[in-house]
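# Tertiary structure, described
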Amino acid sequence: LASALSAMVQASVMSSADAQRLTALVQTSNTAADTDAESDVGAPDAAVYESQSGNVVQTLHDMMEKAESQLDSARKTETKNLENFEMLKQSLSDEIKFAN
């Protein structure tokens, strides 16, 4: 899991702040798992993890919004470039047609 997070950060999929939050969550869950394995005291109190999971959920939501925004921008750029290509193609075709 840590190597997957590292690969995502290196690929610039998420900011370093987002990566730090997710790394902290993984470390916390690993520590909690270790503690639970060592002492069978029962399930942890849900309130302890509530704020941490909220940050992770918010981080993932923010990442999704950022990805959707980048996708929308890429689609608009692609559409604009395609229109420019079609206009250039038509212009060159007309130029060839009237030159002969």
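Within each chain, residue numbers correspond to sequence positions counted from 1 in written order. Owing to the predicted nature of the model, reporting of local features is limited to residues with pLDDT of at least 70; listing and counting of side-chain atom pairs is limited to 80 or more, with chain, interface and lining totals taken over all residues. Each side-chain value is derived from all of the structure's non-hydrogen atoms; neither hydrogens nor water enter the calculation.

## With respect to the overall build of the protein
Formally: Think of it this way: any DSSP run of H or I at least four residues long counts as a helix, any run of E at least two long counts as a strand, and we number them from the N terminus. Exposure is judged per residue with a 1.4 Å probe applied to protein chains only, and the accessible area is read against the type maximum: over 50% gives exposed, under 20% gives buried, and values in between give partly exposed. A 1.4 Å probe and the Shrake-Rupley method give the accessible areas. Residues count as covered only by the protein chains that appear here.
Per the secondary structure count, the protein includes 3 helices and 0 strands. Sequence-ordered secondary structure for the protein, helices as α and strands as β, is α-α-α. Expressed as a percentage of its 100 residues, the buried residues of the protein come to 10%. Roughly 8,000 Å² of accessible area belongs to the protein as shown, and the carbon and sulfur atoms make up 56% of that amount.

## Examining the pattern of salt bridges
Under the convention used in this document: By salt bridge we mean one thing: a side-chain nitrogen of Lys or Arg within 4 Å of a carboxyl oxygen of Asp or Glu.
Within the structure shown, the criterion is met by 1 salt bridge. Residue Asp72 is joined to Lys76 by a salt bridge in which the shortest nitrogen-to-oxygen separation is 3.5 Å. A residue pair is termed a helical-turn pair when its members lie 3 or 4 positions apart in one helix, as Asp72 and Lys76 do in helix 3 (residues 46-99) at 4 residues.

## Here we look at the side chain of Thr59
Worth spelling out the cut-off: Residue contacts follow a heavy-atom distance rule, with two residues in contact if any of their heavy atoms lie within 4.5 Å.
Along the chain, Thr59 falls in helix 3. Given the relative accessible area of 1%, Thr59 is considered buried. Dropping the residues within four chain positions of it, Thr59 is found in contact with Asp18 and Arg21.

## Examining the confidence of the model for the protein
Interpretation of this model should avoid reading the predicted coordinates in detail wherever pLDDT is low. For clarity, the cut-off: Confidence scores per residue from the predictor, reported as pLDDT, run from 0 to 100.
Mean pLDDT for the protein: 75, with 56% of residues reaching 70 or above. Within the protein, no element has a lower average pLDDT than helix 1 (residues 2-10), which sits at 62, and none a higher one than helix 3, at 87.

## Side note on the environment of Arg21
Of note, Arg21 is situated in helix 2 (residues 16-38). Of the residues examined, Arg21 reaches a relative accessible area of 43% and is grouped as partly exposed.

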